[in-house]
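Next come the chains, spelled out residue by residue.
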Amino acid sequence: MAGQTQSASDSADVYDRIMDAIVTQRLAPGQKVSENILTNMFGISRTAARNAMEQMTAQQFMISNSPRITRISPLTLVDVKENFTIRKMMEPSILSMIAPQMDEEEFEKRHNAIFEDMTMTTESDILRVLKANRDFNRYIAQQTRYQSLINWIGQLEDTTMRIYWIYAKLTKSLPFSMDQQKTLVDLVRNNQTEDIRRHVIMMITTCEDRVLNTIFMHGRLNAHNLTV
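Keep in mind that this is a model prediction, so the values were computed, not measured.

*Asks:* Would you mind going over the layout of surface pockets in detail, with residue names and values included?
*Replies:* Put simply, the largest pocket is a space of about 350 Å³. Around the largest pocket, the lining comprises 15 residues; the ones closest to its centre are Gln59, Gln60, Asp79, Glu82 and Thr159. Put simply, the parts of the chain that give the lining of the largest pocket at least two residues each are α4 (77–98) and α7 (147–171). With five residues, the top contributor of residues to the lining of the largest pocket is α7. Of the residues in the lining of the largest pocket, the class split is six nonpolar, six polar and three charged. Of the voids in this model, the second largest pocket is the one considered here, and its volume is about 300 Å³. If you go around the second largest pocket, you meet 14 residues; those closest to its centre are Gln55, Gln59, Arg138, Asn151 and Gly154. Within the lining of the second largest pocket, the residues separate by chemical class into four nonpolar, seven polar and three charged.

See below:
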């Protein structure tokens, strides 16, 4: 049993390290990848690389063009709009559902982790903040106890990180404010269901507008492959 637990932990660590490289575009959209490339890049076994590639291909973070060619999936304007649309459909309902049973102390701790150090000068700063935001939203999904939903939100949040990376690289900030997030925490704490729904939709819509405006203002961003 201990060996199985360690194996699962190792797999999650490998996945996270590769996903960090995809988010930060160390593994750029469209770049060719292989077991050898990942083994050399991350110092992992071929089996670990193969398993990660299979998982990421199933989740559409990688695309298998043929049995011998796999590439990092492009990130397009369609992907950006799809991500925001799905989040507006799902996140208000999830937060409203879990608000009555939320562990307030843990919820606020994860919120504070996003904003405790908002220095976003270096790429490592940006990645740290984005991962704190991702973990906040993953925690919310975990409170539903629905494993399929938890897995789905995990994939959605990884895509959100790819999108927010572009915005943060260009603006050195998040597309939402600490005040907006603090209001959300207060609404959840007080179990204000309808206000939670309205506020979440407003936050996501604001983020979408800011991200798209930033993309459109930077002509070097190709709508078919958003790289920075």
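*Asks:* Give a description of the pattern of salt bridges that names residues and reports values.
*Replies:* Counted under the stated rule, the structure contains 20 salt bridges. Between Lys169 and Glu123 there is a salt bridge; the shortest N-O distance is 3.2 Å. Residue Lys169 is located in helix α7, and its partner Glu123 is located in helix α6 (residues 123–142); the two are separated by 46 residues in the primary sequence. Residue classification places Glu123 among the partly exposed positions, given a relative accessible area of 42%. For Asp125, the salt bridge goes to Arg128, with nearest N and O atoms at 3.6 Å. Taken as a pair, Asp125 and Arg128 lie in helix α6 at a separation of three residues, close to a single helical turn.

*Asks:* Talk me through the sheet that holds strand β2 (residues 62–66); I want residue IDs and the actual numbers.
*Replies:* Strands sit in the order β1-β3-β2 across an open sheet of three strands; the sheet is antiparallel. Among the strands making up the open sheet, the edge pair consists of β1 (32–33) and β2. Across the sheet, helix α3 (residues 46–58) lies against β1, β2 and β3 (69–72), angled at about 100° from β2, the strand it touches most.

*Asks:* For the nonpolar core, give the residues involved together with the corresponding values.
*Replies:* Counting residues in each nonpolar core, the largest one holds 67 residues, and the members touching the most others are Ile18, Leu27, Leu38, Leu95 and Phe107. Sorting elements by how many residues they give to this core places α7 first, with ten residues. Setting aside anything within four residues of it in sequence, one finds Leu38 in contact with Ile18, Leu27, Val33, Gly43, Ile44, Ala49, Met53 and Met62.

*Asks:* Let's hear about the packing of aromatic side chains: which residues, and what values?
*Replies:* Aromatic ring pairs: the centre-centre distance and the angle between the two ring planes describe each pair. Across all of its chains, the model carries four aromatic pairs by this definition. Ring geometry for Phe84 against Tyr164: centres 6.4 Å apart, planes inclined by 40°, an arrangement best described as tilted. A residue pair is termed long-range when its members are at least 10 positions apart, and Phe84 in helix α4 and Tyr164 in helix α7 qualify at 80 residues. As far as burial versus exposure is concerned, Phe84 and Tyr164 are alike and both buried. Counting every residue linked through ring pairs, the aromatic cluster contains Phe84, Phe115, Tyr164 and Phe176.

*Asks:* Run through the side chain of Ser96, naming residues and quoting values.
*Replies:* Here Ser96 is to be found in helix α4. A distance of 3.4 Å separates the side chain of Ser96 from the backbone oxygen of Thr193, its partner in a polar contact. Once you skip the residues sitting within four places of it in the chain, Ser96 turns out to touch Thr193, Ile196 and Arg197.

*Asks:* I'd love a proper account of empty space enclosed by the protein, names of residues and values included.
*Replies:* Under the definition given, this model contains one cavity of 30 Å³ or more. The computed volume of the largest cavity comes to approximately 240 Å³. Residue lining of the largest cavity: 19 residues in total, with Arg87, Glu91, Leu95, Asn137 and Leu184 positioned closest to the centre. If one sorts the elements of the lining of the largest cavity by residue count, α6 sits on top with five residues. Its residues assigned to classes, the lining of the largest cavity comprises 13 nonpolar, three polar and three charged.

Reading guide: rules and limits
- Residues numbered from 1 in each chain as written.
- Predicted model: local features only at pLDDT ≥ 70, side-chain atom pairs only at ≥ 80, totals over all residues.
- Heavy atoms only, no water.
- 1 Å grid on protein atoms, 1.4 Å probe; cavity = no way out; pocket = protein on both sides within 12 Å on 5 of 7 lines; lining within 4 Å.
- Points joined across faces, edges and corners; volume = space filled by probe spheres on them.
- Helix = DSSP H or I, 4+ residues; strand = E, 2+ residues; numbered from the N terminus.
- Nonpolar A, V, L, I, M, F, W, Y, C, P; charged D, E, K, R; others polar.
- Salt bridge = Lys/Arg side-chain N within 4 Å of Asp/Glu carboxyl O.
- Buried < 20%, exposed > 50% of the residue type's maximum accessible area, 1.4 Å probe, protein only.
- Pairing = 2+ DSSP bridges.
- Contact = heavy atoms within 4.5 Å.
- Axes fitted to C-alpha atoms, helices over the stretch in contact; angles between N-to-C directions.
- Core = buried A, V, L, I, M, F, W, Y, C linked by side-chain atoms within 4.5 Å.
- Phe/Tyr/Trp six-rings, centres within 6.5 Å; stacked < 30°, edge-to-face > 60°.
- Polar contact = N/O pair within 3.5 Å; in protein donor to acceptor, adjacent residues only side chain to side chain.

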